[in-house]
Amino acid sequence: MKNSPRVKVFSLQVRLAKLRLKHQSLKAKIAKELKRPSPCSMMLQGLKRQRLRTKDEIMRCLSQLRRTGLPGFTHQQSA
């Protein structure tokens, strides 16, 4: 049961949801830093790198979900 395709799809969907929340959080942190009178370029650079890595991971999860081909999987595009 643990290795069933449905469990794998569910796990990927949960991971995808968490990654999307993390991406939104990083986006908000970047916006907040940019609003400061003197934004820290090092902090911005780090946050943007994290956001890009998160987006890459989102794309990998979406790709894995598409490959499962299971009925009931809804193709959600946006990252």
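Overview of the structure.

Cut-offs used in this document
Residues numbered from 1 in each chain as written. Predicted model: local features only at pLDDT ≥ 70, side-chain atom pairs only at ≥ 80, totals over all residues. Heavy atoms only, no water. Core = buried A, V, L, I, M, F, W, Y, C linked by side-chain atoms within 4.5 Å. Buried < 20%, exposed > 50% of the residue type's maximum accessible area, 1.4 Å probe, protein only. Helix = DSSP H or I, 4+ residues; strand = E, 2+ residues; numbered from the N terminus. Contact = heavy atoms within 4.5 Å. Axes fitted to C-alpha atoms, helices over the stretch in contact; angles between N-to-C directions. Parallel < 35°, antiparallel > 145°, perpendicular 65-115°, else oblique. Left-handed = near helix turned anticlockwise from the far one by under 90°. Nonpolar A, V, L, I, M, F, W, Y, C, P; charged D, E, K, R; others polar.

**Here we look at the nonpolar core**
The tendency in soluble globular proteins is for nonpolar side chains to be buried as a group.
Phase 1: Counting 8 residues, the largest nonpolar core is built from V9, L12, L16, L19, I58, C61, L62 and L65.
Phase 2: Going through the elements one at a time, α1 (5–35) and α2 (41–68) are the ones with two or more residues in this core.
Phase 3: Ignoring anything within four residues of it in the chain, the contact list for C61 reads L12, R15, L16 and L19.

**Things to note about the packing of α1 against α2**
For any two helices packed against each other, the geometry comes down to the angle between their axes and how far apart the axes lie.
Phase 1: Running from amino to carboxyl end, α1 crosses α2 at an angle of 160°, the nearest separation of the two axes being 9 Å. Judged by the angle between their axes, α1 and α2 are roughly antiparallel. The hand of the α1/α2 crossing is left-handed.
Phase 2: Of the residues in the contact of α1 with α2, the class split is 14 nonpolar, 6 polar and 10 charged.

By themselves, these observations are geometric and do not establish any function.
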